[in-house]
Amino acid sequence: MTTGHEIECPGCGLILPSDDEVLDPDYNASTACRDLMYELTYYTLALGDPFFLHQVTVDAYAGQHAGPTVKPISTAFALAGLYLVFERGFTGRQVQRVHMEMGRHKREWPRFQRLNTAATMTVRDVLRAHDSQKTDAIREWARSVWGTWKGEESRIAALLTGHVTRFRSDHAFEM
Ligand SMILES: [Zn+2]
C-alpha cells in the first residue's frame, strides 16, 4: 500500500508511511504518529462529554511516548493522570484540575521507568475502531498504556500526595 518511506515511531513502535521521516522530540514520536494523534484529538475534543475523555487520551499518548528527549514534567503529568483515572476513579476533568494544581508548584520532576512490556494498542487501533466503539477503544488503549507503568505506581502516587485528597470526589466515575 505504501510506496514511499516508512518510519517507526520511537514511542509506540508504529510503522507508518512518511515522506520526511521527521521525529517530534517533545513527544518521542514520529510526526506521522503525531498526525494520527491530532486526528484523534479532533474527535475527543468534539465529544463534549462530562467525563472529559480527551484528558485520558492526551495522557495515554504521552505515557506511551515517554523517552529521553521528553521533558520529565510531561511524562510525570501523563502518568499522574493515568494513575488517577485507573487507580483512583477520577474523571478526566478532575485530572485536569490536578494537573493545574501540580503545575503551580515549581519542582524537579522525577523520571520513571517503564516495565519492559509494550502496550497492546496504539493510537491507530483507536482511530480504526468504529465510532460507536471509539470511546471504549480509548479506555482500553489508555489502560494498556497504564499497564506498562504499573511498576511505578507507588512512586507516582507519592508524587500526588496532597493533591489526591484535595480533589477526591465523592462521585467518582468508574472506567
Ligand atoms: Zn507513536
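Look above for the structure.
Parameters at a glance
Residues numbered from 1 in each chain as written. Predicted model: local features only at pLDDT ≥ 70, side-chain atom pairs only at ≥ 80, totals over all residues. Heavy atoms only, no water. Phe/Tyr/Trp six-rings, centres within 6.5 Å; stacked < 30°, edge-to-face > 60°. Helix = DSSP H or I, 4+ residues; strand = E, 2+ residues; numbered from the N terminus. Buried < 20%, exposed > 50% of the residue type's maximum accessible area, 1.4 Å probe, protein only. Lys NZ or Arg CZ within 6 Å of the ring centre and 35° of its normal. 1 Å grid on protein atoms, 1.4 Å probe; cavity = no way out; pocket = protein on both sides within 12 Å on 5 of 7 lines; lining within 4 Å. Points joined across faces, edges and corners; volume = space filled by probe spheres on them. Nonpolar A, V, L, I, M, F, W, Y, C, P; charged D, E, K, R; others polar. Donors = N, O, S within 2.8 Å, 3.2 Å for Na, K, Ca; no water. Tetrahedral: all angles 85-135°; square planar, octahedral: opposite > 155°, others 65-115°. Salt bridge = Lys/Arg side-chain N within 4 Å of Asp/Glu carboxyl O. Core = buried A, V, L, I, M, F, W, Y, C linked by side-chain atoms within 4.5 Å. Contact = heavy atoms within 4.5 Å. Axes fitted to C-alpha atoms, helices over the stretch in contact; angles between N-to-C directions. Parallel < 35°, antiparallel > 145°, perpendicular 65-115°, else oblique. Left-handed = near helix turned anticlockwise from the far one by under 90°.

### As for the packing of aromatic side chains
How two aromatic rings sit relative to each other is set out by the distance from centre to centre and by the angle between their planes.
Step number 1: Counted by the stated rule, this structure contains 3 aromatic pairs.
Step number 2: Aromatic pair F77 and W109: ring centres 5.4 Å apart, planes at 80°, arrangement edge-to-face. Taken together, the residues span a long stretch of sequence, with F77 in helix α3 (residues 72–88) and W109 in the loop between α4 (92–103) and α5 (123–128) at a distance of 32 residues. For the pair formed by F77 and W109, the shared burial category is buried.
Step number 3: When the ring centre of W109 is taken as origin, the NZ or CZ atom of R107, which lies over that ring, is 4.7 Å away.
Step number 4: The side chain of R139 reaches across the aromatic face of F51, ending 6.0 Å from its centre.

### Here's the deal with the layout of surface pockets
Step number 1: Counted as a void, the largest pocket has a volume near 220 Å³.
Step number 2: Taken together, G11, C12, Q64, R114, L115, N116, T117, A118, A119 and T148 make up the lining of the second largest pocket.
Step number 3: For the lining of the second largest pocket, the per-class residue count stands at 4 nonpolar, 5 polar and 1 charged.

### Some remarks on the coordination of the zinc ion
Four donors placed tetrahedrally about a metal ideally form angles of 109.5 degrees, and six donors placed octahedrally ideally form angles of 90 or 180 degrees.
Step number 1: Surrounding the zinc ion are the protein donor atoms C9 (SG), C12 (SG), C33 (SG) and H65 (NE2), at 2.0 to 2.3 Å.
Step number 2: Viewed at the metal, the 4 donor atoms of the zinc ion are separated by angles of 105 to 116°, and the geometry they form is tetrahedral.
Step number 3: When the donors of the zinc ion are listed by position in the chain, the intervening gaps give C-x2-C-x20-C-x31-H. Here C33 is found in helix α1 (residues 31–47), whereas its partner H65 is found in the loop between α2 (53–64) and α3, with 32 residues between them in sequence.
Step number 4: The exposure class assigned to C33 is buried, which follows from its relative accessible area of 0%.

### What about the pattern of salt bridges?
Two side chains with opposite charge may pair up if their charged atoms get near one another.
Step number 1: Here the structure, examined in full by the defined rule, presents 7 salt bridges.
Step number 2: With a shortest N-O distance of 3.2 Å, R34 and D24 are connected by a salt bridge. Of this pair, R34 sits in helix α1 while D24 sits in strand β3 (residues 23–24), placing them 10 residues apart in sequence. Here the two residues R34 and D24 agree in accessibility, since each one is buried.
Step number 3: Put simply, E87, K150 and E153 are held in one network by salt bridges that share partners.

### A few points about the nonpolar core
Looking at soluble globular proteins, one finds that nonpolar side chains tend to be buried together.
Step number 1: Counting residues in each nonpolar core, the largest one holds 47 residues, and the members touching the most others are M102, V123, W141 and L160.
Step number 2: Residue contributions to this core peak at 9 residues, all from α3.
Step number 3: Not counting residues within four places of it along the chain, the set of residues in contact with W141 comprises L40, T57, A60, Y61, Q64, M121, T122, V123 and V126.

### A few points about the side chain of T122
Step number 1: In this structure, T122 sits in the loop between α4 and α5.
Step number 2: Using a relative accessible area of 10% as the deciding quantity, one classes T122 as buried.
Step number 3: Excluding its chain neighbours within four sequence positions, the residues that come into contact with T122 are C12, L14, Q64 and W141.

### Quick notes on the packing of α2 against α3
Step number 1: Running from N to C, α2 and α3 cross one another at 125°; their axes reach a closest spacing of 8 Å. Classed by the angle they form, the pair α2 and α3 counts as oblique. In this structure, the crossing between α2 and α3 has a hand that is left-handed. Counting all contacts with α2, which are made through V56, D59, A60, A62 and G63, the residues of α3 involved are F77, A78, L79, G81, L82 and V85.

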